[in-house]
Amino acid sequence: ATTQAPHIALFPSAGMGHLMPYLRLAAMLARRNCIVTLITAHPTVSAAESEHISLFLRHNPEIKRLELELTPSSRQADATPIEPFFLQFHLINQSIHLLGPLLSSSSPPLSAMFVDFALLAETAPIAEDLQLPIYVVSTTSVEFLSLVAYFSVVASNPTEFNEASTELKIPGLPPMAMSSLPPALLDHSHLFTSTIVTNSQALPGAEGILMNTFDWFQASILNALNKDRVMASLPPILPIGPLESYHIPQDGDHCYRSWLENQPSESVVYISFGNRTAMSRDQVRELEKGLEKAGWRFCWNLKTTKVDKDDREDVKDILSDFFLKRTKNKGVIIRGWADQEEILAHPAIGGFVSHCGWNSVMEAAWQGVPMLAWPQHGDQKMNAKVMETAGLGLWESGWDWGPNGIVKGEEIERKIVELMTDETVRERAKKVREEARKAVESGGSSDRVIRNVINSVTL
Ligand code: BUP
């Protein structure tokens with residue numbers, strides 16, 4: 001009998017860090033002859049999300065789109081203000097009942113659903129009704145995922161996990177430092193925490209957890225979870241990364257493009273803290289000092305608000321005249337969206353100061369660019385540790401900003417110099433690149449895993 005191409009619905013949640021891996025996976029599945037439907041929530045939080053979805057679909061007309069129209073929030077108008085991206089998780093979940101009818105009329109009929117962790121608990125009953133296998137596509141490190149998976153156990157046992165704890169011990173895994181965990185986890189009424197608890201309870205019902213990582217990068221924890229089964233209820237962890245770029249040429253000439261062309265090889269440090277991390281003015285001043293004193297060329301992706309739509313200030317209103325004058329030919333400042341993959345791929349880039357969002361870690365691994373981790377919140381500190389352990393770069397674990405103080409210019413200067421001059425780290429990062437590329441080539445570890453997943457959802 002002839003087999004039919006599987007039809008897979010992908011359901012990402014909010015934020016570019018959650019959207020990018022889904023778009024990459026959608027393109028990859030389409031390349032591998034799957035029929036792909038992308039479920040998108042409307043409206044999105046950031047302008048970057050809606051722009052990327054439109055551009056992506058225009059360049060990939062074979063990928064179908066289903067739009068989930070969000071119903072307005074039932075939260076009280078006077079409820080505690082909440083991070084816009086967490087609120088969006090909540091809004092999508094609240095509107096999921098609209099999804100069943102949309103999906104049941106899909107043509108050809110669906111073969112499987114791939115969903116974001118934050119949407120799992122609400123989507124699982126819909127998938128079950130339609131008799132579809134459900135896979136989670138996780139957008140974080142395996143370490144953070146294991147914390148999330150174990151968290152429902154911890155949450156029901158406050159004597160094991162409270163403000164006085166210094167470590168969290170998951171049987172069979174190395175202990176996790178409390179200082180690396182998101183502080184919001186201690187607050188059970190926080191939407192972040194309740195989202196984790198609810199969805200972590202639903203994880204055992206998934207067929208597998210697809211992850212943007214590769215065997216070599218996180219071998220030890222992957223062995224513990226998949227071979228030693230230290231968390232017996234967890235479905236298989238399926239490393240399919242690094243997810244490859246979907247290559248859409250960006251319009252226009254962004255200022256950094258021509259500038260980078262004229263810089264010597266590995267002479268520029270790229271700085272970005274992701275799409276939704278706002279840096280305080282005091283910290284911006286210290287970073288200016290550090291960059292200027294370190295003396296290396298730089299390309300700084302500067303954000304001062306959580307949501308891009310709110311970011312309207314001019315560079316001159318944010319950075320000091322002194323800094324701009326002193327570094328006139330030394331660096332370029334990016335405002336608005338930049339193609340980070342393109343930047344990291346540029347031979348002029350020699351180091352990456354990053355918040356360690358997981359996509360950024362995988363993109364640096366793919367290019368073999370050494371990182372200096374400066375994590376802020378969420379999974380970032382745990383990701384930083386994974387990155388450092390894999391040998392991709394440096395992490396100064398005491399660095400923070402916001403309520404816990406700011407990092408001084410001299411400190412920043414010292415670490416940037418170390419990042420740009422440490423030959424051992426540079427060599428090791430090149431080794432990471434080599435292993436990343438081996439994983440995705442035909443017959444490589446990630447290639448085999450995704451091939452098996454596609455086969456198992458093919459009727
Ligand atoms: Br900012 C920015 N260009 O200007 P992470 C980000 N990105 O391509 P987290 C750009 O967005 P969030 C820009 O390459 C990565 O693929 C970047 O995801 C890309 O961060 C993605 O690194 C950001 O996982 O997401 O914290 O999960 O940026 O939304 O905070």
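Here, the structure is the one placed above.
The text that follows walks through the structure, step by step, so that each part is easy to find.

Each value, and the rule that gives it
- Residues numbered from 1 in each chain as written.
- Predicted model: local features only at pLDDT ≥ 70, side-chain atom pairs only at ≥ 80, totals over all residues.
- Heavy atoms only, no water.
- Near = heavy atom within 4 Å.
- Polar contact = N/O pair within 3.5 Å; in protein donor to acceptor, adjacent residues only side chain to side chain.
- Helix = DSSP H or I, 4+ residues; strand = E, 2+ residues; numbered from the N terminus.
- Nonpolar A, V, L, I, M, F, W, Y, C, P; charged D, E, K, R; others polar.
- Axes fitted to C-alpha atoms, helices over the stretch in contact; angles between N-to-C directions.
- Parallel < 35°, antiparallel > 145°, perpendicular 65-115°, else oblique.
- Left-handed = near helix turned anticlockwise from the far one by under 90°.
- Contact = heavy atoms within 4.5 Å.
- Pairing = 2+ DSSP bridges.
- Phe/Tyr/Trp six-rings, centres within 6.5 Å; stacked < 30°, edge-to-face > 60°.
- Buried < 20%, exposed > 50% of the residue type's maximum accessible area, 1.4 Å probe, protein only.
- Lys NZ or Arg CZ within 6 Å of the ring centre and 35° of its normal.

**Structural notes on the site of the ligand**
- With respect to spatial proximity, 19 residues lie near the ligand, and among them Asn275, Ala338, Asn359, Ser360 and Glu363 are the closest.
- Contacts to the ligand include Ser360, whose side-chain N or O atom sits 2.5 Å from an oxygen atom.
- For the shell around the ligand, the elements supplying multiple residues, two or more each, are helix H1 (16–31) and helix H14 (358–367).
- Split by residue class, the shell around the ligand holds five nonpolar, 10 polar and four charged.

**What about the packing of helix H10 (residues 281–294) against helix H16 (residues 409–421)?**
- At a minimum axis separation of 7 Å, H10 and H16 run at an interaxial angle of 45°. In terms of their interaxial angle, H10 and H16 are classed as oblique. The hand of the H10/H16 crossing is right-handed. The residues of H16 that touch H10, namely those facing Gln283, Glu286, Leu287, Lys289, Gly290, Leu291, Lys293 and Ala294, are Gly409, Ile412, Glu413, Ile416 and Val417.
- Residue classes in the contact of H10 with H16 are distributed as six nonpolar, three polar and four charged.

**Topic: the sheet that holds strand E12 (residues 331–334)**
- With parallel pairing, six strands are arranged side by side in an open sheet as E12-E11-E10-E13-E14-E15. Across the chains shown, the open sheet's two edge strands, defined by having one partner strand only, are E12 and strand E15 (393–395). Within this sheet the neighbouring strands show an average axis-to-axis angle of 15°, counted without direction.
- In terms of strand pairing, strand E10 (residues 268–272) meets strand E11 (residues 297–301) through five bridges, oriented parallel. If you follow Val268 over to E11, its bridge partner there is Arg297.
- Packed onto the sheet, H16 meets E10, strand E13 (349–354), strand E14 (371–373) and E15 and runs at close to 140° relative to E13.

**Examining the packing of aromatic side chains**
- The tally for this structure, following the rule as stated, stands at 12 aromatic pairs.
- For the pair Phe86 and Phe192, a centre-to-centre distance of 5.2 Å together with 40° between the ring planes defines the contact as tilted. Here Phe192 lies in helix H7 (residues 191–202) and Phe86 lies in helix H3 (residues 84–95), a separation of 106 residues in the sequence.
- Residue Phe86 is classed as buried on the basis of its relative accessible area of 16%.
- Here Phe192 falls in the buried class, since its relative accessible area comes to 14%.
- For the ring pair Phe217 and Trp358, a centre distance of 6.1 Å and an interplane angle of 65° mean the geometry is edge-to-face. With Phe217 in the loop between strand E8 (208–211) and helix H8 (219–227) and Trp358 in helix H14, the pair connects residues that are 141 residues apart, well separated along the chain. Just as Phe217 is buried, Trp358 falls in that class too.
- Ring-pair connections join several aromatic residues into one group, and the members of that group are Phe214, Trp216, Phe217 and Trp358.
- Its end group placed over the ring of Trp366, Arg437 keeps NZ or CZ at 4.1 Å from the ring centre.

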